[in-house]
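Structural description and commentary
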Amino acid sequence: MNLPIIARHWLVAAAPKAAPAITTTTVLALARIWNANGAEHSVGNAALMTVLAAGAAAGGASLARAGEPVLAAVGYAVSGSLALAGVAGYSDGLSLPLLLWALATVLAYCFAARHWRQERRDTLDHERHLSERREEHAHIERVETIRATTQIEVARTGAAYAEQLAAALVHRAALPGFDPTALERSGLPALPSLDITKEH
């Protein structure tokens, strides 16, 4: 079985690796824009982001207890993003938002690396399973090919033997003193009833 060769562009291969950094950087940039438009030292906005972050974290915890690890990870990621956005929007300087951005990026890569390892293991298991199936099918095809070739050779040999036997019997029947009953007594199949001695 020939599988198609798919060459992916390097941007497609690199996009998942850059996604955590792009996400946290986008959150930081939007939070700083929000800071410049009136969120700096705004207690109401900070309280809103705190409530939203706590709600997302609680939702992630409940999803984790319900056995939904992927949705729970999304809930935790949203909670962290809201917390980062709240601090970056409320703070007047860049040092604390940048520190939280670096911490959030590292944590995002830690969680993503675990997911990437699991995905890599699943991909390797799938490829190994496909390889084993291909080898099994190839072995079955080889065995069936050998069996069919053997059957063809046996049939060909049998046909050639039958032709040689028929030719020998015809040749023998043309000789004087031929006794067809002697062939039958020796175990050979009976010849058609033909009185060769009465010819001529």
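Residues numbered from 1 in each chain as written. Predicted model: local features only at pLDDT ≥ 70, side-chain atom pairs only at ≥ 80, totals over all residues. Heavy atoms only, no water.

Comments concerning the nonpolar core
- Formed by Val-27, Leu-28, Ala-31, Met-49, Ala-53, Ala-56, Leu-82, Leu-84, Ala-85 and Ala-88, the largest nonpolar core amounts to ten residues.
- Counting residues per element, the ones that place at least two in this core are helix H1 (10–39), helix H2 (43–65) and helix H3 (69–90).
- If you tally residues by element for this core, the top one is H3, at four residues.
- Aside from chain neighbours lying at most four places away, what touches Met-49 is Trp-34, Leu-82, Ala-85 and Gly-86. (Core = buried A, V, L, I, M, F, W, Y, C linked by side-chain atoms within 4.5 Å. Buried < 20%, exposed > 50% of the residue type's maximum accessible area, 1.4 Å probe, protein only. Helix = DSSP H or I, 4+ residues; strand = E, 2+ residues; numbered from the N terminus. Contact = heavy atoms within 4.5 Å.)

Points about the environment of Pro-20
- As for its position among the elements, Pro-20 is in helix H1.
- When its relative accessible area of 10% is taken as the criterion, Pro-20 is described as buried.
- When near neighbours in sequence (up to four residues on either side) are disregarded, Pro-20 contacts Ala-108, Tyr-109 and Ala-112.

Considerations on H2
- Compared with an ideal rise of 1.5 Å per residue, which puts 23 residues at 33 Å, H2 spans 33 Å between its outermost C-alpha atoms and is within 8% of the ideal.
- Along H2, the residues that are buried comprise Met-49, Ala-53, Ala-56 and Gly-60.
- Just downstream of H2, Gly-67 is the residue with a positive phi angle, here 85°. (Expected span 1.5 Å × (residues − 1).)

Focus: the pattern of salt bridges
- If you walk through the whole model with that rule in mind, you get three salt bridges.
- Glu-144 is paired through a salt bridge with Arg-147; the nearest N and O atoms lie 3.2 Å apart. You can see Glu-144 and its partner Arg-147 sitting in helix H4 (residues 95–173), three residues apart, about one turn around the helix.
- Under the relative-accessibility criterion, Glu-144 is labelled partly exposed at 40%.
- Residue Arg-156 pairs with Glu-153 through a salt bridge whose shortest N-O separation is 3.3 Å. In this pair, Arg-156 and Glu-153 are both assigned in helix H4, three residues apart and thus about one turn of the helix distant. (Salt bridge = Lys/Arg side-chain N within 4 Å of Asp/Glu carboxyl O.)

So, the side chain of Thr-105
- Tracing the backbone shows Thr-105 in helix H4.
- By relative accessible area, Thr-105 is classed as buried at 10%.
- With residues up to four places along the chain from it excluded, the contact list for Thr-105 reads Ala-21 and Thr-24.

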